[in-house]
Amino acid sequence: MTGPLGSWASSDAARATMRANRSRDTKPELALRRAVHALGLRYRVSVRPLPSLRRTADLVFPRAKVAVFLDGCFWHGCPNHHTLAATNSEYWQEKVRRNRERDRDTSRRLAEAGWIVLRIWEHEDPGEAALKVAEAVKAQLGRGSCATP
């Protein structure tokens, strides 16, 4: 289904709203990054954990092989907060289904390559999520310091 001018959007207003959505540096992502940084962890932002995989993680700890994805409740179908779109609902249901399928595939591929994958929902407390990240990084590094280049 396409909207005005052959666009996937149902209206010009919907198209403008969708184009304004950020793919990185969202408020939840910035809050998580601040909390992780405050714990002394250093990471790369919005990079491919595996060069051969055309997908980026929100936070990457290359030495520890930990990839963190901060998933939006709407875009990734949060079981607690996902709501169905009122307009163009078939399109959005299929979009979220494909996103979830891609998420599972990404997690599987990274795990097969020896990575720890953490998926954090945007509604999770950033401080608690940062502690999960620190725990995973420390476990992977196998020592007390979790600072990574």
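Please refer to the structure placed before this passage.
In this convention, every chain numbers its residues from 1, walking through the sequence in written order. Local features are withheld for residues below a pLDDT of 70 in this predicted model, meaning they are given only at 70 or higher, and side-chain atom pairs are given and counted only at 80 or more; totals for whole chains, interfaces and linings count all residues. Side-chain measures were taken over the full set of non-hydrogen atoms in the model, leaving aside hydrogen atoms and water.

> Can you tell me about the pattern of salt bridges, naming the residues and giving the values?
Side chains that differ in sign of charge can pair as their charged atoms come close. Salt bridges, as used here, are contacts in which a Lys or Arg side-chain nitrogen is within 4 Å of a carboxyl oxygen on Asp or Glu. For the structure on display, the rule yields twelve salt bridges. The closest approach of N and O atoms between arginine 97 and glutamate 94, which form a salt bridge, is 2.6 Å. Placement of the pair is arginine 97 and glutamate 94 together in helix 4 (residues 89-112), with a separation of three residues, close to one helical turn. Salt bridges here are not isolated pairs; linked through shared partners, they connect Arg55, Asp105, Arg108, Arg109 and Glu112. Here a helix means four or more residues in a row that DSSP labels H or I, a strand means two or more in a row labelled E, and each is numbered from the N terminus.

> Kindly report on the environment of asparagine 99, identifying the contributing residues and their values.
Mapped onto the elements of the fold, asparagine 99 is located in helix 4. A sequence separation of 23 residues divides asparagine 99 from histidine 76, and the C-alpha atoms of the two residues are 6.0 Å apart. Those residues in contact with asparagine 99, other than ones at most four positions away along the chain, are Trp75 and His76. Contacts described as polar in this section are N or O atom pairs within 3.5 Å, which, within protein, must combine one atom able to donate a hydrogen with one able to accept it, while residues neighboring in sequence count only if both atoms come from side chains. At 2.8 Å, the side chain of asparagine 99 forms a polar contact with the backbone oxygen of tryptophan 75. Contacts between residues were defined by any pair of non-hydrogen atoms, one from each residue, lying within 4.5 Å.

> Please give an account of the environment of tryptophan 115 that cites residues and values.
On the secondary structure map, tryptophan 115 appears in the loop between helix 4 and strand 4 (116-121). In this structure, the C-alpha to C-alpha distance between tryptophan 115 and proline 62, residues 53 residues apart in sequence, is 9.2 Å. Residues in contact with tryptophan 115, not counting those within four places in the same chain, are Pro49, Leu50, Val60, Phe61, Pro62, Lys65, Val66, Ala67 and Leu110.

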